[in-house]
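Observations on the model geometry
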Amino acid sequence: MQNDDTDFQAREKHQAKSCLFIFLTAILVLFSLAMAAVAGIILLDSIMLRGEEHTLSWRVKRYKAAAQFIWYDFKEAVSKKNSNSSPEDEP
């Protein structure tokens with residue numbers, strides 16, 4: 001069946017470009033927020049540990065442990081959210 005709208009392909013391309021632009025903007029915003037969070041943690045940690053002369057490897061271990069705690073808390077929160085919205089739990 002033929003589409004009578006002659007401008008259909010141009011509108012479709014415009015919508016695809018808009019969707020791609022929104023997606024890339026969201027990715028850029030999330031990346032920027034993540035980098036700002038990391039920079040904030042490093043900055044605050046540097047201020048809190050001033051004068052204690054810890055090595056870089058010790059600080060990296062500390063950051064890895066903190067990241068693991070954050071990751072596990074995030075996974076637990078998501079799994080609780082998903083289990084609460086599950087239709088199987090309803091009577």
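Presented here is a report on the structure given in the accompanying data block. (Residues numbered from 1 in each chain as written. Predicted model: local features only at pLDDT ≥ 70, side-chain atom pairs only at ≥ 80, totals over all residues. Heavy atoms only, no water.)

**Section: the overall build of the chain**
For clarity, the cut-off: To qualify as a helix, a DSSP run of H or I must reach at least 4 residues; to qualify as a strand, a run of E must reach at least 2; elements of each kind are numbered from the N terminus. Surface accessibility follows the Shrake-Rupley procedure with a 1.4 Å probe radius. Residue values consider only the protein chains on display as shielding.
A count of helical and extended segments in the chain gives two helices and zero strands. A total of about 8,700 Å² of accessible surface is found on the chain, and carbon and sulfur atoms cover 65% of it.

**So, the pattern of salt bridges**
Using the following cut-off: What counts as a salt bridge is simple: a side-chain nitrogen of Lys or Arg found within 4 Å of a carboxyl oxygen of Asp or Glu. Think of it in three bands: residues with accessible area under 20% of the maximum for their type are buried, residues over 50% are exposed, and the middle band is partly exposed, with areas taken using a 1.4 Å probe on protein chains only.
Applying the stated criterion to the full structure yields one salt bridge. Between Lys80 and Glu76 there is a salt bridge; the shortest N-O distance is 3.3 Å. Here Glu76 and Lys80 lie together in helix H2 (residues 56-84), a separation of four residues that amounts to about one turn. Look at Lys80 and you get partly exposed, because its relative accessible area is 48%. Residue classification places Glu76 among the partly exposed residues on the basis of a relative accessible area of 42%.

**Concerning a nonpolar patch on the surface**
Inclusion rule: Each patch is built from residues lacking any salt bridge and having more than 30% relative accessible area; the joining distance is 9 Å for like charges and 5 Å for nonpolar side chains (Val, Leu, Ile, Met, Phe, Trp, Tyr).
A grouping of Leu20, Phe23, Leu24 and Ile27 is seen on the molecular surface, where their side chains present a nonpolar patch of about 400 Å² in accessible area. Under the relative-accessibility criterion, Ile27 is labelled partly exposed at 42%.

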